[in-house]
Amino acid sequence: MELLSDDAAAEGEEEGREPSGEPLVREPRHCRVHFPGAVRQKAYLFDGLGNYFNKEWDLKEGSGKEFCWYHAELPKGNQKLALSAQYLIDVLCPPLKLQDILTLVSNGPFCGHVDGALVFRVNSPGPAASSFTLRLAARVTENSVITVSLGRIPRLDFSPTGQSLLSEIPSIESTGLVRDAAEEEEEGGRSGIIIREHVLEFLLTMNHSEEADNPVPVKVSNLVVHIIDTHVDHVQDIVTKLEMELDAVELELDKGGSTLKKQMLDDRRFPKLHLNLQRLLQVVAHGEQVFPRVKEKCSAKSWFANEDIIALEELIGRLRRLKDNLGFIVNRVTAIQAGLHSWQSEQINKKLYYLSFLSLTFLPLSIVTGIFGMNVGGVPWTAQKDPALQDGFRNVMVLCAMILFLLLVSFSFPSLYAQLTSWRRRYAMRRSWSINRKSFLSRTFQRGGFQGGGYMRI
């Protein structure tokens with residue numbers, strides 16, 4: 001007896017039915033998920049009154065004042081663009097079509113209407129695992145927003161308002177291994193929030209509030225501004241972190257020696273930083289191209305508020321200032337890299353100088369030894385059995401020593417001359433000061449004279 005699958009059984013039932021005048025209505029099939037858990041999904045429902053609720057991932061639009069937001073977070077890894085498209089097909093199809101999904105996942109800047117919805121993206125090319133590869137795409141309608149990002153974007157989500165980490169003055173946890181009893185008693189009697197030092201350093205790089213402090217959008221236009229604002233904040237966080245790292249590198253270079261500089265050159269640290277900065281500049285350039293077009297297209301929408309148009313204009317101005325700041329960082333990196341290359345050239349020149357000195361030192365000696373090593377007749381001091389020439393070896397060694405001495409004198413003459421000149425200059429200055437002092441004292445005695453008992457009048 002053969003076992004039939006559910007689809008085959010359903011087809012058999014349909015064949016056994018008698019045709020009727022009513023059209024056949026098929027039940028919608030649930031899409032099979034090929035990559036479960038690969039994409040993080042978050043869905044929110046906003047009631048238009050300042051409240052929001054978590055909802056299921058059904059990709060339905062809101063009604064009336066209500067609107068929905070669906071956010072898909074692609075994993076940061078070394079996956080190809082085709083695999084990212086498959087991830088989105090799993091979570092967005094249906095109701096989105098393949099054209100809509102490809103518009104969201106493709107690289108490069110884009111802003112336009114696709115299937116009646118406003119779609120914009122600022123997806124930068126590059127390896128997905130890089131921290132400087134940022135991708136954000138959005139599909140906006142009057143009652144729903146669908147966004148896709150590569151990795152987590154800080155402050156993008158909403159969370160219930162609770163006790164903030166910075167609501168009171170925190171205590172920094174000591175990183176030292178040895179602490180005395182007084183510090184331990186003080187920490188034991190202190191009540192409050194204790195944070196680690198690296199957490200404080202991370203908070204210093206953030207120029208925005210936490211997720212719990214995000215204002216809940218009342219309109220779709222507020223949500224669009226919030227999404228673009230978090231993207232600009234993300235870029236600014238990366239720029240701030242770069243500036244702090246660059247300051248630390250400059251401090252290390254000032255304190256460190258040749259070993260640290262050689263390690264930085266061997267690791268190709270600054271060429272890699274140049275490449276990352278170019279990627280970040282490309283992200284900012286995509287935003288400069290896309291967001292003005294988003295503002296232009298949204299200004300024609302009746303449901304887009306005027307104050308949000310002004311907010312978009314301010315965000316575009318922030319992007320331009322970020323681009324200028326990135327240009328300054330690129331100049332700083334170029335200057336540091338040029339300094340390292342100059343130091344490397346100096347080291348190579350010193351080594352070549354020493355090598356040329358050795359070559360010039362041993363070249364005359366090799367010429368002398370080569371002449372006296374020829375197996376021909378008539379070479380002086382080569383008669384081994386002649387008692388009158390028994391000092392020939394000593395004479396040759398003396399000749400070599402004289403040549404070496406002349407070479408050393410010729411090489412050390414510039415430094416000796418410089419030292420002699422500086423000594424004569426210091427001696428002349430000291431003599432001039434002594435003469436001026438004597439003349440000053442003599443003029444003082446002549447003008448003031450002596451009053452009572454030989455004391456000088458003041």
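What counts as what
Residues numbered from 1 in each chain as written. Predicted model: local features only at pLDDT ≥ 70, side-chain atom pairs only at ≥ 80, totals over all residues. Heavy atoms only, no water. Helix = DSSP H or I, 4+ residues; strand = E, 2+ residues; numbered from the N terminus. Buried < 20%, exposed > 50% of the residue type's maximum accessible area, 1.4 Å probe, protein only. Lys, Arg positive; Asp, Glu negative; His and termini not counted. Salt bridge = Lys/Arg side-chain N within 4 Å of Asp/Glu carboxyl O. Polar contact = N/O pair within 3.5 Å; in protein donor to acceptor, adjacent residues only side chain to side chain. Contact = heavy atoms within 4.5 Å. Core = buried A, V, L, I, M, F, W, Y, C linked by side-chain atoms within 4.5 Å. Pairing = 2+ DSSP bridges. Axes fitted to C-alpha atoms, helices over the stretch in contact; angles between N-to-C directions. Disulfide = S-S within 2.5 Å. UniProt positions renumbered as here; feature names shortened; annotations may be inferred. pLDDT = per-residue confidence, 0-100. Phe/Tyr/Trp six-rings, centres within 6.5 Å; stacked < 30°, edge-to-face > 60°.

Trainee: Explanation requested: the side chain of Asp47 in the structure shown.
Mentor: If you trace the backbone, Asp47 turns up in the loop between strand 1 (40–46) and strand 2 (52–54). Despite its burial, Asp47 pairs with no opposite charge, the nearest such side chain being Lys65 at 9.7 Å. A polar contact of 3.0 Å, which involves the side chain of Asp47, links it to the backbone nitrogen of Leu49. Within polar-contact distance, the side chain of Asp47 engages the backbone nitrogen of Asn51 at 3.1 Å. Among all residues touching Asp47, those that are not within four sequence positions of it are Phe53, Lys65 and Glu66.

Trainee: Explain the nonpolar core here, please?
Mentor: In a soluble, globular protein the nonpolar side chains are often hidden away together inside. Trp69, Phe120, Val140, Ile228 and Phe270 are the most contacted members of the largest nonpolar core, which has 60 residues in total. Contributing elements (two or more residues each) for this core: strand 1, strand 3 (67–74), strand 5 (117–123), strand 6 (136–140), helix 6 (220–255), helix 7 (258–267), helix 8 (269–298) and helix 9 (306–372). Discounting residues that sit within four places of it in the chain, Ile228 has contacts with Phe120, Phe291, Val294, Leu312 and Leu315. Counting 23 residues, the second-largest nonpolar core is a separate cluster that includes Val39, Leu59, Tyr70 and Val148.

Trainee: Mind showing me how you'd approach the sheet that holds strand 4 (residues 108–114) here?
Mentor: Within a sheet, adjacent strands bond to each other through the backbone by hydrogen bonds, running parallel or antiparallel. The 7 strands lie next to each other as 2-1-3-7-6-5-4, forming an open sheet whose pairing is mixed. Where the open sheet ends on each side, the last strands, each with one partner, are strand 2 and strand 4. Taken over all neighbouring pairs, the strand axes of this sheet differ in orientation by 15 degrees on average, direction set aside. Summarising the sheet, strand 4 and strand 5 pair through 7 bridges and their orientation is antiparallel. Bridging across to strand 5, His113 finds its partner in Leu118. Strands in contact with helix 2 (residues 81–92) are strand 1, strand 3 and strand 7 (144–150); relative to strand 3, the strand with the most contacts, it is inclined by about 150 degrees.

Trainee: Just to check I follow, could you spell out the state of the cysteines for this structure?
Mentor: What is meant by a disulfide is a covalent connection between two cysteines, made through their sulfur atoms. Applying the stated criterion across every chain, the model contains 0 disulfides. Left without a disulfide partner, Cys111 is nearest to the cysteine sulfur of Cys298, which lies 7.4 Å away. Here Cys111 falls in the buried class, since its relative accessible area comes to 3%.

Trainee: Before we go on, may I ask you to explain the UniProt feature "transmembrane region" (unreviewed entry) in the chain in this structure?
Mentor: Summarizing the sequence annotation, UniProt attributes the feature "transmembrane region" (unreviewed entry) to residues 352–376 and 396–420 in the numbering used throughout. End-to-end, the C-alpha atoms of residues 396–420 are 34 Å apart, and along that stretch the chain is 100% helix and 0% strand.

Trainee: Looking at this structure, how should I read the confidence of the model for the chain?
Mentor: Where the model shows low pLDDT, its predicted coordinates should not be examined in detail. This prediction gives the chain a mean pLDDT of 76; 72% of its residues lie at or above 70. No element of the chain has a lower mean pLDDT than helix 1 (residues 6–16), which averages 42, and none a higher one than strand 6, which averages 92. For the stretch residues 1–30, pLDDT sits under 50, and the model shows 2 contacts to residues farther than four places along the chain or on other chains.

Trainee: Quick question: what am I supposed to make of the packing of aromatic side chains here?
Mentor: Scanning all chains against the criterion turns up 10 aromatic pairs. Here Tyr44 and Tyr52 contribute two aromatic rings whose centre-to-centre distance is 5.8 Å and whose plane-to-plane angle is 70 degrees, an arrangement assigned as edge-to-face. You can call Tyr44 buried: its relative accessible area is 4%. Cluster of aromatic residues (ring-pair linked, three or more members): Tyr44, Phe46, Tyr52, Phe67 and Trp69.

Trainee: When you look at unusual backbone geometry in this model, what are you seeing that I'm missing?
Mentor: The phi dihedral of Leu59 is positive, around 60 degrees, even though this residue is not glycine. Positionally, Leu59 belongs in the loop between strand 2 and strand 3. Note on Leu59: relative accessible area 11%, which makes it buried. Positive phi, normally seen in glycine, also occurs at Asp115, with a value near 55 degrees.

Trainee: I'm lost on the environment of Ala128 in this one. Help?
Mentor: Tracing the chain through its elements places Ala128 in the loop between strand 5 and strand 6. The class for Ala128 is buried, based on a relative accessible area of 6%. Counting along the chain gives 47 residues from Ala128 to Leu81, while the straight-line C-alpha distance between them is 8.8 Å.

Trainee: What exactly am I supposed to notice about the pattern of salt bridges here?
Mentor: Side chains that differ in sign of charge can pair as their charged atoms come close. A complete count under the given rule lists 11 salt bridges for this structure. With its nearest N and O atoms 2.7 Å apart, the salt bridge here joins Arg155 to Asp233. Of this pair, Arg155 sits in the loop between strand 7 and strand 8 (171–172) while Asp233 sits in helix 6, and the two are 78 residues apart along the sequence. Its relative accessible area of 9% is what places Arg155 among the buried residues. Taking the relative accessible area as the measure of exposure, Asp233 reaches 5% and is therefore buried. One salt bridge connects Arg318 with Asp233, and the closest N-O pair in it is separated by 2.8 Å. Here Arg318, found in helix 9, pairs with Asp233, found in helix 6; they are 85 residues apart in sequence, far enough to count as distant.

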